[in-house]
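A look at the structure
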Amino acid sequence: DQVAQEAFWKDGFIEFKFPASGFYSPENADNPTSENITHRGVNGFCWSSSLWTGGSNARTLDFRLDSADVGRNVPGHRFPLRLVRVKE
């Protein structure tokens, strides 16, 4: 209910803007041209600094036009951003 109120967005929040830049799939990773980008303008993917438990995948922040989630992918994908954990 709080976020539905306009007053919530006036101050005291941090805004992040992530580009929906798509990614290069492993098949196209060696030929990174604009024609080989998958899902540009629709999806955004960011690597995390954490590995997915129990496998060789890395955690990702994935977003689409209608949702966002934490997922996992093989490191062969070329995602444009990397998120790292920091301490204040």
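Residues numbered from 1 in each chain as written. Predicted model: local features only at pLDDT ≥ 70, side-chain atom pairs only at ≥ 80, totals over all residues. Heavy atoms only, no water.

So, the pattern of salt bridges
When their charged atoms lie close together, side chains carrying opposite charge are able to pair. Going through the model one piece at a time under the given rule, you end up with one salt bridge. Across the pair Arg64 and Asp69 runs a salt bridge, and its minimum N-O distance is 3.5 Å. Of the residues examined, Arg64 reaches a relative accessible area of 31% and is grouped as partly exposed. Given a relative accessible area of 33%, Asp69 falls into the partly exposed group. (Salt bridge = Lys/Arg side-chain N within 4 Å of Asp/Glu carboxyl O. Buried < 20%, exposed > 50% of the residue type's maximum accessible area, 1.4 Å probe, protein only.)

Here we look at a nonpolar patch on the surface
Nonpolar side chains collect at one region of the surface, where Val3, Phe8, Trp9 and Phe13 lie side by side and expose about 360 Å² of accessible area between them. Topologically, Val3 is positioned in the segment before strand E1 (44-51). (Patch = residues over 30% accessible without salt bridge, like charges linked within 9 Å, V, L, I, M, F, W, Y side chains within 5 Å. Areas by Shrake-Rupley, 256 points an atom, 1.4 Å probe, with all protein chains shown as cover. Helix = DSSP H or I, 4+ residues; strand = E, 2+ residues; numbered from the N terminus.)

Let's talk about the side chain of Asn43
Positionally, Asn43 belongs in the segment before E1. Beyond its immediate sequence surroundings of up to four residues, Asn43 is in contact with Ala20, Ser21, Gly22, Phe63 and Arg64. (Contact = heavy atoms within 4.5 Å.)

Focus on the nonpolar core
Phe23, Phe45, Trp47, Ala58 and Phe79 together form the largest nonpolar core, which totals five residues. Not counting chain neighbours up to four residues away, the residues in contact with Phe79 comprise Phe23, Phe45, Trp47, Thr60 and Asn73. (Core = buried A, V, L, I, M, F, W, Y, C linked by side-chain atoms within 4.5 Å.)

What to know about the pairing of strand E3 (residues 68-73)
Bridge count for strand E2 (residues 58-63) against E3 is six bridges, and the pairing is antiparallel. Residue pairing in the sheet places Phe63 in a bridge with Ala68 of E3. Linking E2 back to E3 in an antiparallel pair, the connection comprises four residues. (Pairing = 2+ DSSP bridges.)

As for the packing of aromatic side chains
Both the distance between ring centres and the angle between the ring planes are used here to describe each pair of aromatic rings. One pass over the full model with this rule turns up one aromatic pair. Taking 4.8 Å as the distance between ring centres and 85° as the angle between the ring planes, the aromatic pair formed by Phe23 and Phe45 counts as edge-to-face. With Phe23 in the segment before E1 and Phe45 in strand E1, this residue pair connects regions lying 22 residues apart in the sequence. Take Phe23 and Phe45: they sit in the same class, and that class is buried. (Phe/Tyr/Trp six-rings, centres within 6.5 Å; stacked < 30°, edge-to-face > 60°.)

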